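Each chain, written out:
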Amino acid sequence: MKDYNYNIRISALLEKDATEKVAALAILAQHLNVKELTKLAYVVKSDPLKLALAKKYLGV
């Protein structure tokens, strides 16, 4: 598998928070395939009930 580099802009109050967001995104990208990651993004963007349930389950 090839590695690709991207420049992205992350919104956060502190640089530390932005760094943590990028690290979390990188982990998701490593462990989910394209279909899974795309479905996750869709649910986060368009299904607030499922997102709320996931946050509750994660304790956040």
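Heads up: the structure comes first, above all this text.
A brief report on the enclosed structure follows. Note that the structure is predicted; figures quoted are calculated from it, not measured. (Residues numbered from 1 in each chain as written. Predicted model: local features only at pLDDT ≥ 70, side-chain atom pairs only at ≥ 80, totals over all residues. Heavy atoms only, no water.)

### Re a nonpolar patch on the surface
Note the following rule: For patch detection, residues must exceed 30% relative accessible area and be free of salt bridges, and they are connected within 9 Å for like charges or within 5 Å for nonpolar side chains (Val, Leu, Ile, Met, Phe, Trp, Tyr). For every accessible area listed, the method is Shrake-Rupley and the probe measures 1.4 Å; residues are considered covered only by the protein chains on display. Throughout this description, the term salt bridge denotes a Lys or Arg side-chain nitrogen within 4 Å of a carboxyl oxygen of Asp or Glu. The helix and strand labels rest on DSSP assignments: H or I over at least four residues marks a helix, E over at least two residues marks a strand, and numbering proceeds from the N terminus. Exposure is judged per residue with a 1.4 Å probe applied to protein chains only, and the accessible area is read against the type maximum: over 50% gives exposed, under 20% gives buried, and values in between give partly exposed.
Among the surface-exposed residues, Tyr4, Tyr6, Ile8, Val22, Leu25, Leu28, Leu37, Leu40 and Val44 lie close enough to one another that they form a single nonpolar patch of about 870 Å² accessible area. Those elements that place two or more of their residues in the nonpolar patch are helix 1 (15-31) and helix 2 (34-46). Position of Leu37 among the secondary structure elements: in helix 2. Using a relative accessible area of 31% as the deciding quantity, one classes Leu37 as partly exposed.

### Observations regarding the pattern of salt bridges
Evaluated as defined, the whole model comprises two salt bridges. When the shortest N-O distance is used, the salt bridge between Lys16 and Glu20 registers 2.9 Å. Linking Lys16 with Glu20, this pair stays in helix 1, spanning four residues, or about one helical turn. Judged by its relative accessible area of 56%, Lys16 is exposed. One salt bridge connects Asp47 with Lys50, and the closest N-O pair in it is separated by 3.7 Å. Judged by its relative accessible area of 21%, Asp47 is partly exposed.

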